[in-house]
Amino acid sequence: SIDLKALLEFGRKLDANVRIDAPQAGGDDAKRFKRKYVDEKEIVVLRKAHPDLKTSRWHVSALMEDFSGERFNLDDKYDATLQLRDFVEYMAHNRDDDPLMIFDCDFAERKGGGNDSPKPKPQTKTEAKATITTTTTTTPEKNTESRTETGTQSSTGTQSLADYQRPCCFDSSLFEVSEFRPPWRWLIVAPERSGTELHVDPLGTSAWNTLLSGRKLWAVLPKDTSRFDLPKQTDMFASLWFLEVGMETAGYPPDHRPLFIVQEEGETVFVPAGRHHVVMNLSHTVAITENFAAESHFDEVWRITFRKEPEFCRTWYLCMLSKRPQLARRARSLCSEKECSVIDEWEVSSRADRIRLSVSSEREADEGRGAGDYDDLDDEFSEDSGFHLL
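What comes next concerns the included structure. (Residues numbered from 1 in each chain as written. Predicted model: local features only at pLDDT ≥ 70, side-chain atom pairs only at ≥ 80, totals over all residues. Heavy atoms only, no water.)

What follows concerns the environment of T289. Relative to the elements of secondary structure, T289 occurs in strand β16 (residues 285-292). Looking at T289, the relative accessible area reads 8%, which means it is buried. Sequence-wise, T289 and V269 are 20 residues apart; in three dimensions their C-alpha atoms are separated by 9.4 Å. Look past the residues within four positions of T289 in its chain and what remains in contact with it is W184, R185, W186, I188, A207, W208 and N209. (Helix = DSSP H or I, 4+ residues; strand = E, 2+ residues; numbered from the N terminus. Buried < 20%, exposed > 50% of the residue type's maximum accessible area, 1.4 Å probe, protein only. Contact = heavy atoms within 4.5 Å.)

Rendered as structure tokens:
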């Protein structure tokens, strides 16, 4: 069994992190914060990062009032959804060592008001699975502005779950230039003992995580991970990692010891790009987290995204060409000759797509014209010209 009180005591004993108040928008303090923590990739715990956010509005009981019948995505291991009321029942009764979590990248779209179906009581992961609905999350997703207005109302009159603001001390994401991008923000509703296994945030992104209720225990590995068996440890669920690895590291030399953080309600943890971390919920929790690609890390973000997400990278690069041409030039300068040939193909295919769209639009607008009137266009953009009209 997992002794949550012992883990809390262990975490508090080793948590020597100074808490700082988040800087105000537009001042020199915010600029200094970005240079010291974001640019230099230093971990920090913030207070008052969301001064206008009412954490009580995000407690499970409050969410149940508006969203009990709404389906939320479970964590990535389960491509499925579960009604909030069913999940809350599961939270209250489960005894799993690695419980399910709501890990919902679409939470801003939840409308609320769907509270009319019967109320089953799943008590184990197996019983909870019996009530889930499989779903396919679209990736990349439609990009919307991160900084939303507080107090947004849904069509049902319920306050939207997108009513928070990104802390001003964190950059907007480089990926925002693209209309579509991979999932980048999540609502996490989690029972005690659950957590995320040891991992690094994707595509060179950094992350902030604001705890709205409950308590979490973090371990962020040092930059030198030579004392850790990463392939083995990334397969451990969170509680197992803390029991078998985390507690043993207390005797490591300081430079090789993880940074432990006991995150309390209202605190925001910033984890810079490239740092392995594992998180365990010491109680039932609700949190919001966002990943962002910092402009000061562009070179690293570009190289990783080009290699791991070529389809999205193409979309991102073509958007940079028109919206951030200086970044597009920088991206090309980072590429090898072979990689530049791939970018050339992206640009050529994009021009061909625009030509096809233009011709199609013109044909639709002039349906009354004879087919022969377009022979000149078909001749101009034939296969011999490098383009092929559909």
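After that view, the rundown keeps rolling.
Right, let's get into helix α1 (residues 4-14). Every α-helical turn comprises 3.6 residues, leaving residues that sit three or four positions apart pointing alike. Within the span of α1, buried status applies to L4, L7, L8, F10 and G11. Projected down its long axis, α1 carries its buried residues within an arc of 165°, all on one side. Of the exposed residues in α1, the ones pointing more than 90 degrees away from its buried face are K5, E9 and K13. The inward-facing, buried residues of α1 contact β12 (215-220), α7 (238-244), β13 (259-264) and β15 (277-281). (Arc of directions from axis to C-beta.)

It is worth spelling out the environment of G214 at this point. By the element assignment, G214 lies in the loop between β11 (206-213) and β12. Accessibility expressed as a relative area gives 22% for G214, which makes it partly exposed. Every residue in contact with G214, bar those within four places of it in the chain, is listed here: Q263, E264, E265, S283, H284 and T285.

A separate point is the packing of helix α3 (residues 60-67) against helix α4 (residues 84-93). Relative to each other, α3 and α4 sit at 150°, their axes nearing to 10 Å. One way to sum up the angle between α3 and α4 is to call them roughly antiparallel. For α3 against α4, the interelement crossing comes out left-handed. On α4, the residues that touch V60, L63, M64 and F67 of α3 are L84, R85 and V88. Among the residues making up the contact of α3 with α4, the classes are represented as six nonpolar, no polar and one charged. (Axes fitted to C-alpha atoms, helices over the stretch in contact; angles between N-to-C directions. Parallel < 35°, antiparallel > 145°, perpendicular 65-115°, else oblique. Left-handed = near helix turned anticlockwise from the far one by under 90°. Nonpolar A, V, L, I, M, F, W, Y, C, P; charged D, E, K, R; others polar.)

Let's shift gears to unusual backbone geometry. Even without glycine at this site, K48 takes up a positive phi of about 60°. Of note, K48 is situated in the loop between β2 (44-47) and α3. Using a relative accessible area of 57% as the deciding quantity, one classes K48 as exposed. With phi around 60°, L203 is a residue other than glycine that occupies positive phi space. Under the relative-accessibility criterion, L203 is labelled buried at 11%.

Centre distance and the angle of the planes are the two values used to describe a pair of aromatic rings. Within this structure, the stated rule accounts for 23 aromatic pairs. Both rings, one in Y317 and one in W346, keep their centres 6.0 Å apart while their planes meet at 50°; by these two values the pair is tilted. Of the two residues, Y317 is situated in helix α9 (residues 310-323) and W346 in helix α11 (residues 337-365); the sequence distance between them amounts to 29 residues. The structure contains a cluster of three or more aromatic residues connected by ring pairs, namely F175, F298, W302, F306, F312, W316, Y317 and W346. (Phe/Tyr/Trp six-rings, centres within 6.5 Å; stacked < 30°, edge-to-face > 60°.)

For the rest of this paragraph, the subject is the sheet that holds strand β5 (residues 102-104). With mixed pairing, the seven strands of this open sheet are ordered in space as β1-β2-β14-β11-β16-β9-β5. One side of each edge strand has no neighbouring strand; the edge strands of this open sheet are β1 (19-21) and β5. Averaged over all adjacent pairs, the angle separating strand axes in this sheet is 25°, with direction ignored. Here six bridges tie strand β9 (residues 185-190) to β16, and the two strands are oriented antiparallel to one another. Across the sheet, residue V189 finds its bridge partner in β16, namely V286. (Pairing = 2+ DSSP bridges.)

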